[in-house]
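# Coordinate analysis (summary)
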Amino acid sequence: MEWNQKKILILGANGGIGSAIARQLSQQSAIIYGTYRRMKPKDAIWNQNHLYDLDFELNLNEIQSKIKDILSSNDIDMVIIAAGSAYFGNFSKMDTKDIQHTYQVDLIAPIIIAQSVLQFFLEKGEGHLHIVAAIAGLLPAVKNMAVYTSSKFGLVGFVRALAMETIGTQVRVSVSCPSGVITELPENALGDKEAFLKVIEVLKKNFESADDVAKGILEGLSSRDVLNLPTEKARALAKKL
Ligand SMILES: NC(=O)c1ccc[n+]([C@@H]2O[C@H](COP(=O)([O-])OP(=O)(O)OC[C@H]3O[C@@H](n4cnc5c(N)ncnc54)[C@H](OP(=O)(O)O)[C@@H]3O)[C@@H](O)[C@H]2O)c1
């Protein structure tokens, strides 16, 4: 795909996957815009005026209003949602507020954002929305992550169904399902972080770099596929379905 001068908004710009996507797009002369929650990215690739704070835990109307402002004030061509958080812990002991939080950040906020993005792109006549889900959205990958896993199933199902509503338009939607990626996701996780880090320690020999995954995601954006398995490892796991 030709990225030169394309205006691309990356949600989760300072995350492991989001920042790797941003670096690669910037190297290919895209004009990148980003959202962050806790810390504004400081890397030289960023024009600080292109960064916006956006917490997925905000009131849903507030999220939509912020997104609409960012899209229209910058005439964005593509949106990549690469924000999310993990919860690790036994479901039977999970607090209701953690269930609600996980669904809000990993499913409901992305869907609410997708609605604003779709409305904007349909009005504009073209555009591409991409959501980074996870291989866990195709097959349960790790025990004690039922709510996180089901939120990713929800995202994959949502984008695949939504794609049917874009047929006959110049608007595209797609979703990617990376397998394990080396990022700070486990350190940022909620729940029993210590137990999660122990599980990750065992699994991590099969994890891939965020740069490799970002490369696969960006290559997938050039294809017409709605579902993107960004690396060979993700493709091999998906065959187990
Ligand atoms: N790492 C993996 O193994 C893996 C595998 C497959 C899929 N994924 C998915 O890829 C996405 C990115 O994960 P990552 O590995 O890059 O993790 P990460 O390094 O922890 O990055 C997470 C990103 O999400 C943002 N975020 C977290 N909570 C948020 C909230 N309430 N509101 C707005 N933004 C929020 C973070 O912003 P702040 O830093 O500002 O909080 C950060 O930019 C997630 O959806 C994850 O489920 C990850």
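Located above this text is the structure these notes cover.
The text that follows walks through the structure, step by step, so that each part is easy to find. (Residues numbered from 1 in each chain as written. Predicted model: local features only at pLDDT ≥ 70, side-chain atom pairs only at ≥ 80, totals over all residues. Heavy atoms only, no water.)

## Section: the site of the ligand
Applicable threshold: Think of it this way: one heavy atom of a residue within 4 Å of a molecule or strand is enough to make that residue near it. We call two N or O atoms a polar contact when they sit within 3.5 Å, provided that within protein one can donate a hydrogen and the other can accept it, with sequence-adjacent residues counted only if both atoms are side-chain atoms. Note that accessible areas follow from Shrake-Rupley with a 1.4 Å probe, and for residues the cover is restricted to the protein chains shown. Numbering of helices and strands runs from the N terminus; a helix is a DSSP stretch of H or I covering at least four residues, while a strand is a stretch of E covering at least two. Residue polarity follows a fixed list, in which Ala, Val, Leu, Ile, Met, Phe, Trp, Tyr, Cys and Pro are nonpolar, Asp, Glu, Lys and Arg are charged, and the others, Gly among them, are polar.
Residues in contact with the ligand amount to 28 residues; listed here are only the nearest, Asn14, Arg37, Phe56, Tyr148 and Thr183. Side-chain polar atom of Asn14 to an oxygen atom of the ligand: 2.7 Å apart, as the coordinates give it. In the environment of the ligand, an oxygen atom lies 2.8 Å from a nitrogen or oxygen atom belonging to the backbone of Gly16. In isolation the ligand exposes 880 Å². Once the protein is present, 95% of that is buried. Counting only elements with at least two residues in the shell around the ligand, the list comes to helix 1 (16–27), helix 4 (146–163) and helix 5 (185–188). Within the shell around the ligand, the residues separate by chemical class into 13 nonpolar, nine polar and six charged.

## Structural notes on the sheet that holds strand 6 (residues 127–132)
Inclusion rule: A pair of strands is considered paired only if DSSP assigns at least 2 bridges between the two.
Taken in spatial order, the seven strands make up an open sheet running 3-2-1-4-6-7-11, and their pairing is parallel. Across the chains shown, the open sheet's two edge strands, defined by having one partner strand only, are strand 3 (51–53) and strand 11 (227–228). One ladder, built from six bridges, connects strand 6 with strand 7 (residues 171–176); its direction is parallel. By the bridge assignment for strand 7, Ile131 is matched with Val175.

## Considering the packing of aromatic side chains
The geometry of an aromatic ring pair is captured by the separation of the ring centres together with the interplanar angle, meaning the angle of the planes. Definition in use: Here a pair means two rings of Phe, Tyr or Trp (six-membered ring of Trp) with centres within 6.5 Å. Their orientation is stacked below 30 degrees between planes, edge-to-face above 60, and tilted elsewhere. Accessible area is worked out with a 1.4 Å probe on protein chains only. A residue is then buried under 20% of its type maximum, exposed over 50%, and partly exposed in between.
In the structure shown here, the tally under the stated rule is two aromatic pairs. Look at Phe88 and Phe196: their rings are 5.0 Å apart centre to centre, the planes differ by 20°, and that puts the pair in the stacked class. Pair noted here: Phe88 is in strand 5 (residues 87–88) and Phe196 is in helix 6 (residues 193–203), with a separation of 108 residues, a long-range link. Comparing Phe88 with Phe196, the two get one shared label, buried. Look at Phe120 and Phe121: their rings are 5.9 Å apart centre to centre, the planes differ by 50°, and that puts the pair in the tilted class.

## Considering the side chain of Ser176
So the rule is basically this: In this description, contact between two residues means that some pair of their heavy atoms is separated by no more than 4.5 Å.
Examined against the element boundaries, Ser176 turns out to sit in strand 7. For Ser176, a relative accessible area of 0% translates into the label buried. Once residues within four sequence positions are removed from consideration, Ser176 is found in contact with His130, Ile131, Val132, Ala133, Ala134, Ile217 and Asn228.

## Things to note about unusual backbone geometry
Non-glycine residue Gln5 carries a positive phi angle of around 70°. When you line up the elements, Gln5 lands in the segment before strand 1 (7–11). Phi at Asp75 is positive, roughly 50°, even though this residue is not glycine. Summarising the element assignment, Asp75 is placed in the loop between helix 2 (60–74) and strand 4 (78–81). Judged by relative accessible area, Asp75 falls into the partly exposed class, the value being 36%.

## Quick look at the environment of Ile67
Mapped onto the fold, Ile67 is located in helix 2. Accessibility expressed as a relative area gives 0% for Ile67, which makes it buried. For the pair Ile67 and Gly12, spaced 55 residues apart in sequence, the C-alpha to C-alpha distance is 13 Å. Once residues within four sequence positions are removed from consideration, Ile67 is found in contact with Leu11, Leu54, Ile113, Ser116 and Val117.

## Side note on the layout of surface pockets
Which entries qualify depends on this criterion: We place a 1 Å grid over just the protein atoms. Points where a 1.4 Å probe fits but has no way out form a cavity, open points with protein on both sides within 12 Å along at least 5 of 7 lines form a pocket, and any residue with an atom within 4 Å of a point lines it. Grid points are joined across faces, edges and corners, and a volume is the space filled by probe spheres set on the points.
In this structure, the second largest pocket occupies an estimated 290 Å³ of space. In this structure, the second largest pocket is lined by 14 residues; those nearest its centre are Lys6, Glu126, Gly127, His128 and Gln170. Partitioning the lining of the second largest pocket into residue classes produces three nonpolar, six polar and five charged.

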